[in-house]
Amino acid sequence: MDSIIVRGGVPLHGQIPIAGAKNACLALMPATLLSEEPLTLTNAPRLSDIATMKTLLESLGAEVTAMAGGRVLAMSSHGLTTTRADYDIVRKMRASNLVLGPLLAREHHAVVSLPGGCAIGARPMDIHIDALTHLGAEIELRDGYLHAVAKGGLRGARVPLRFASVGATENTLMAATLARGTTVIENAAREPEIVDLAHCLRRMGARIEGEGTATITVEGVDRLNGATHPVVTDRIELGTYMLAPVIAGGEVECLGGRIDLVAAFVEKLHEAGVEVEETATGLIVRQNGTRPRAVDVVTEPFPGFPTDLQAQMMAMLCTAEGVSVLEERIFENRFMHAPELMRMGARIEVHGGTACVTGVERLRGAPVMATDLRASVSLILAGLAAEGETVVSRVYHLDRGYEELEKKLSAVGAQVERVRAS
Ligand code: EPZ
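What counts, and at which threshold
Residues numbered from 1 in each chain as written. Predicted model: local features only at pLDDT ≥ 70, side-chain atom pairs only at ≥ 80, totals over all residues. Heavy atoms only, no water. Helix = DSSP H or I, 4+ residues; strand = E, 2+ residues; numbered from the N terminus. Rg over C-alpha atoms; globule rule 2.2 N^0.38 Å. Buried < 20%, exposed > 50% of the residue type's maximum accessible area, 1.4 Å probe, protein only. Contact = heavy atoms within 4.5 Å. Near = heavy atom within 4 Å. Polar contact = N/O pair within 3.5 Å; in protein donor to acceptor, adjacent residues only side chain to side chain. Domains from an automatic or database assignment. Buried area = accessible area lost by both parts, 1.4 Å probe. Pairing = 2+ DSSP bridges. Axes fitted to C-alpha atoms, helices over the stretch in contact; angles between N-to-C directions. Expected span 1.5 Å × (residues − 1). Arc of directions from axis to C-beta. Parallel < 35°, antiparallel > 145°, perpendicular 65-115°, else oblique. Phe/Tyr/Trp six-rings, centres within 6.5 Å; stacked < 30°, edge-to-face > 60°. Lys NZ or Arg CZ within 6 Å of the ring centre and 35° of its normal.

Draft legend 1. Representation of the overall build of the protein within the structure. Looking only at helices and strands, the protein has 14 helices and 24 strands in total. A compact globule built from 422 residues would reach a C-alpha radius of gyration of about 22 Å, and the protein, at 21 Å, matches this within 12%. Referenced to the eigenvectors of the C-alpha coordinate spread, the extents of the protein come out at roughly 65 × 45 × 40 Å. The buried share of the protein, taken over its 422 residues, is 58%. For the protein, restricting intrachain contacts to residue pairs at least 6 apart in sequence, the fraction spanning at least 24 positions comes to 74%.

Here it is in structure tokens:
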């Protein structure tokens, strides 16, 4: 397993290009199952999760061709060979469950393995199951697989979600595009990735209104066409790299960044005394030598503060001036980066879903272990300002969601290198 070595203390200067959004692409790729015509995605990120989704779609009989070094994904599913998504692929990535809605809509049946829990929580699928049942599906859990059937096809309905689940909204939205009649999704997730999926589905001929609000209305159609769609910018990669100059000092422009994608996060940066400037090409973040101020953070569904930036924000707050309280309200176990940051000298107390961080002058480099995708990158960020060397092991977690991380950080002056496992 590869490791990444970070030598701290170097202020950063330059530009970091932000890639297409992993979490948008992982919902856009299964959309190819809804049409017999080709769906092509541009601005796709080159990540191991995308490769996993490619393998899953190909296992169903779809064709996925990565072009331009993986930036363009040309897909078509004119001839599906099965509607069974096997455990050995689904267990690697929860987002595999996003083939359930499209397969039910197109083939009227699907057998999809339950993804199983992961490091950050149990991550059940009850909201997905309840929503698709409202659309007329019969779904039974047997030997670790969801066996779903929609006799005569799905039919439009009012679908109230008990929680604004991103994945459940995406599965329901895709399923509703081919359901007979009108579907109204209530308490829908409002994330930019949902909006991007709706834009793509509309390009394919779907009739959708209200994406980005809590109520999405879909008029089912008989069939969808092919389309070409650019993947929206990755707001989590954006927020991650915006924190690099805050932690290490300096000035960095994140190319392609847009304030509307990270409004709640930028509000917290302003509260911490960080300067963010919108330019024609992206967002500039500069930290003029003083330490950022402590701020309190509560993670919420969009447009609230994103849970996927909580670990990275904690890394910044470890050396902020004062005491910060972070409340993780989306996942039940998303503070695994805390003990690793404490190995670097951070002062953090965790109790249930609340973490209290008392800022210290500087962290000290140490060997630390990545546990999940966002925890991994928070350790890299912490290493940027730590005295000495930080060695982050198990970086395969990082490769799931960050394209060429060490290259992007080195380009702005960070001393970061990957050590290939022998
Ligand atoms: C998406 O996961 C993202 N993944 C996650 O990003 C992100 O953290 C999450 O949304 C929240 O924003 C992708 O888009 C591929 P949820 P998803 O359904 O859809 C509970 C990353 O780092 N829940 O909104 O799985 C669930 O357990 C990843 O890129 C149920 O109880 O998130 C969690 O506590 C991590 N029953 C909460 O809701 C359900 O049926 C939010 O889950 C579904 C979810």
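Resuming the write-up.
Draft legend 2. Fine view of the site of the ligand. The full set close to the ligand counts 22 residues, and D126, S165, D308, I330 and R374 are the nearest of them. At 2.9 Å from an oxygen atom of the ligand is found a side-chain nitrogen or oxygen belonging to K22. Elements with a contribution of two residues or more to the shell around the ligand: α1 (22-28), α5 (126-134), α6 (166-176) and α12 (373-383). Here the shell around the ligand takes three residues from α5, the largest share from any one element. If you count residues domain by domain, the shell around the ligand takes at least three from each of domain 1 (3-19 + 233-419) and domain 2 (22-230).

Draft legend 3. Focus on the domain arrangement of the protein. Segmentation of the protein into domains returns domain 1 (3-19 + 233-419) and domain 2 (22-230). Between the C-alpha centres of domain 1 and domain 2 there is a distance of 31 Å. Taken residue by residue, the interface counts 24 residues in domain 1 and 20 residues in domain 2. Broken down residue by residue, the surface that domain 1 buries against domain 2 is led by F302, R400 and E403, which jointly contribute 33%.

Draft legend 4. Structural view of the sheet that holds strand β17 (residues 282-287). Read from one edge of the open sheet, four strands run β2-β15-β17-β16, paired in mixed fashion. Taken across any chain shown, the strands that pair with only one partner, and hence form the sheet edges, are β2 (12-17) and β16 (275-278). Pairs of neighbouring strands in the sheet enclose a mean axial angle of 15 degrees, with direction left out of account. Strand direction decides the pairing type here: β16 and β17, joined by four bridges, are antiparallel. Opposite E278, over in β17, you have L283 as the bridge partner.

Draft legend 5. Spatial organisation of the pairing of strand β14 (residues 227-230). Here β14 shows one buried face, formed by A227 and H229, and one open face, formed by T228 and P230. In terms of strand pairing, strand β3 (residues 39-42) meets β14 through four bridges, oriented parallel. Across the sheet, L39 pairs through a bridge with A227, a residue of β14.

Draft legend 6. Summary view of the side chain of T319. Among the secondary structure elements, T319 is positioned in the loop between α10 (310-317) and β19 (323-327). Judged by relative accessible area, T319 falls into the buried class, the value being 11%. Once you skip the residues sitting within four places of it in the chain, T319 turns out to touch R291, P292, V360, E361, R362 and L363.

Draft legend 7. The arrangement of the side chain of H128 in detail. Tracing the chain through its elements places H128 in helix α5. Of the polar contacts made by the side chain of H128, one reaches the side chain of N171; its length is 3.1 Å. If we skip the residues at most four places from it in the chain, H128 touches R94, N97, S165, G167, A168 and N171.

Draft legend 8. Structural context of helix α2 (residues 48-59). Along its 12 residues, α2 runs 17 Å from first to last C-alpha, staying within 8% of the 16 Å computed at 1.5 Å per residue. Those residues of α2 that fall on the buried side of the exposure criterion are D49, I50, T52, M53, L56 and L57. When α2 is viewed along its axis, its buried side chains cluster within an angular range of 155 degrees and face the same direction.

Draft legend 9. How the structure looks around the packing of helix α8 (residues 235-248) against α10. The geometry of α8 relative to α10 is characterised by a closest axis approach of 10 Å and an angle of 5 degrees between their N-to-C directions. It follows from the interaxial angle that α8 and α10 lie roughly parallel. Every residue of α10 that contacts α8 at I236, T240, L243, V246 and I247 is listed here: Q312, M313, A315 and M316.

Draft legend 10. Here's a closer look at the environment of Q287. Along the chain, Q287 turns up in strand β17. In the structure, Q287 is positioned 11 residues away from V276 in sequence and 9.2 Å away in space, judged by C-alpha atoms. Polar contacts involving the side chain of Q287 include one to the main-chain carbonyl oxygen of T290, which spans 2.8 Å.

Draft legend 11. Geometry of the packing of aromatic side chains. Counted according to the given criterion, the structure contains two aromatic pairs. With 6.4 Å between their ring centres and 85 degrees between their planes, Y241 and Y402 make a pair best called edge-to-face. Linking Y241 in helix α8 with Y402 in the loop between α13 (396-399) and α14 (405-410), this pair joins segments that are 161 residues apart in sequence. Here R84 stacks its cationic end above the ring of Y145, 4.1 Å away from the centre of that ring.

Draft legend 12. Seen up close, the sheet that holds β3. The strand order across the open sheet built from four strands is β4-β5-β3-β14, with neighbouring strands paired in mixed fashion. Both outer strands of the open sheet, β4 (63-67) and β14, are each paired with one neighbouring strand and no more. Going from strand to strand, the sheet's axes swing by 15 degrees on average, the running direction of each strand aside. In the packing of α2 onto the sheet, the strands contacted are β4 and β5 (72-76), and the crossing angle to β4 comes to about 150 degrees.

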